[in-house]
Amino acid sequence: MAEVIEVKHPLVQHKLTMIRNEAVGTKDFRALVDELAMLLTYEASADLPMETISVKTPVQETKAQSLAGKKLAVVPILRAGLGMVDGILQLIPAAKVGHIGMYRDEETLEPVEYFVKLPEDIAQREVLLIDPMLATGGSAKDAINALKVRGATQIKLITLVSAPEGIKAVQEAHPDVAIVTASIDEGLNEDGYIVPGLGDAGDRLFGTH
Ligand SMILES: O=c1ccn([C@@H]2O[C@H](COP(=O)(O)O)[C@@H](O)[C@H]2O)c(=O)[nH]1
Ligand SMILES: O=P(O)(O)OP(=O)(O)O
Ligand SMILES: [Mg+2]
């Protein structure tokens, strides 16, 4: 079973607490989601392969560590995942970006897919699938399926807030997918929202209701 990493770093926890606050407006919410995405990517990329290369410093030639040229793709689940893309690209500027559009049916809580556009060589890339919220896990499970049917084999899921129910659902359906999250919250309420959570991430990012 791939691991679930809850990132306890003080900066992550502090910024997460800030965006939980309902009084935080769209502008600050966006900025903080961006920063959190960057911090979580630092953790999610900790196992990227390295190679030893030669580098000439102003003092002497030396051997040093460099990324082994692994190809990455960042794939947000729309809309809410879009808010995390720029933060990740600041750390991994060469990554290609795919998009999976999905919304939750308000009655059934089942995800409805409305758009998929991925890099052509997705099968050769390690994929960072991103969505701030992992609630029932339906959206993440279907998004992972959409990636796998198109050939992706190495997938990591990065979320800000996860419900235990969503983690279990993803692990059962996709035991090969590691999850990096800033918080494993208490659970879900009767409307399928994460408790205590931060509300609807898409609405808070884009100022909609
Ligand atoms: O508290 C929440 C719960 C969910 N969302 C949005 O829904 C999907 C994830 O829901 P699943 O039940 O895991 O499919 C996620 O993309 C969010 O956009 C939310 O914003 N807040
Ligand atoms: O998953 P939803 O329904 O909350 O969609 P969006 O991310 O567009 O708010
Ligand atoms: Mg939403």
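Parameters at a glance
- Position numbers for residues start from 1 in each chain and track the written sequence from start to end.
- Labels follow written order: the first chain is A, the first ligand is 1, and so on.
- Where totals are concerned, whole chains, interfaces and linings use all residues; where local detail is concerned, this predicted model gives features only for residues with pLDDT of at least 70, and gives and counts side-chain atom pairs only at 80 or more.
- Only hydrogens and water are set aside when side-chain values are computed; all heavy atoms of the structure are taken into account.
- Strands are runs of DSSP state E lasting at least two residues, helices are runs of H or I lasting at least four, and both sets are numbered from the N terminus onward.
- Using C-alpha atoms as the atom set, the radius of gyration is obtained and then compared with a globule rule of 2.2 Å times the number of residues to the power 0.38.
- Each residue is assigned to one of three classes by its accessible area relative to the maximum for its type, calculated with a 1.4 Å probe on protein chains only: buried under 20%, partly exposed between the two thresholds, exposed over 50%.
- Residue contacts are defined here by distance: any two heavy atoms, one from each residue, within 4.5 Å place the two residues in contact.
- Reported accessibility uses the Shrake-Rupley method at a 1.4 Å probe radius. Residues are deemed covered only where the shown protein chains occlude them.
- All tallies of charge rest on Lys and Arg as positive and Asp and Glu as negative; His and the ends of each chain are not included.
- A charge is said to be at NZ when it belongs to Lys, at CZ for Arg, at CG for Asp and at CD for Glu.
- A single heavy atom is enough: if one lies within 4 Å of a molecule or strand, its residue is considered near that molecule or strand.
- Counted as a polar contact is a pair of N or O atoms within 3.5 Å, where, for protein atoms, one must be capable of donating a hydrogen and the other of accepting one, and residues adjacent in sequence contribute only when both atoms are in side chains.
- Cavities and pockets are defined on a 1 Å grid built over the protein atoms alone: a cavity is a set of grid points where a 1.4 Å probe fits but cannot escape, while a pocket is an open set with protein on both sides within 12 Å along at least five of seven lines, and lining residues are those with an atom within 4 Å of any such point.
- For a cavity or pocket, the test is whether more than half of a molecule's atoms lie within 2 Å of its grid points; if they do, the molecule sits there.
- Each residue gets one of three labels, nonpolar for Ala, Val, Leu, Ile, Met, Phe, Trp, Tyr, Cys and Pro, charged for Asp, Glu, Lys and Arg, and polar for the others, Gly among them.
- UniProt positions are given in the numbering used here, feature names are shortened, and annotations may be inferred rather than shown by experiment.

Observations regarding the overall build of the chain
In step 1: The helix and strand tally for the chain stands at six helices and 13 strands.
In step 2: By the compact-globule yardstick of 17 Å for 209 residues, the chain fits well, its C-alpha radius of gyration being 18 Å.
In step 3: Over its C-alpha atoms, taken along the principal directions, the chain stretches across nearly 65 × 40 × 30 Å.
In step 4: In the chain, buried positions account for 46% of the 209 residues.
In step 5: Nonlocal contacts in the chain, meaning residues at least 24 apart in sequence, comprise 63% of its contacts between residues at least 6 apart.
In step 6: Approximately 10800 Å² of the chain is accessible, and the part contributed by carbon and sulfur atoms is 52%.
In step 7: With 20 positive and 30 negative side-chain charges, the chain shows a separation of 8 Å between the mean positions of the two kinds.

Details of the site of ligand 1
In step 1: Near ligand 1 you find 16 residues, and of these Arg 104, Asp 131, Thr 136, Ser 139 and Gly 199 are the closest.
In step 2: Ser 139 is positioned such that a nitrogen or oxygen atom in its side chain is 2.6 Å from an oxygen atom of ligand 1.
In step 3: With respect to the detected pockets, ligand 1 is housed in the largest pocket.
In step 4: Of the residues that constitute the shell around ligand 1, the class distribution is seven nonpolar, six polar and three charged.

A short note on the environment of Ala 64
In step 1: Within the fold, Ala 64 resides in strand β3 (residues 61–67).
In step 2: Classification of Ala 64 as partly exposed rests on a relative accessible area of 24%.
In step 3: Taking C-alpha positions, Ala 64 is 5.4 Å from Thr 52, a pair spaced twelve residues apart along the chain.

Things to note about the UniProt feature "domain: Phosphoribosyltransferase" (unreviewed entry) in the chain
In step 1: The feature "domain: Phosphoribosyltransferase" (unreviewed entry), as annotated in UniProt, sits at residues 8–208 in this numbering.
In step 2: Taken end to end, residues 8–208 comprises 34% helix and 31% strand; its first and last C-alpha atoms sit 30 Å apart.

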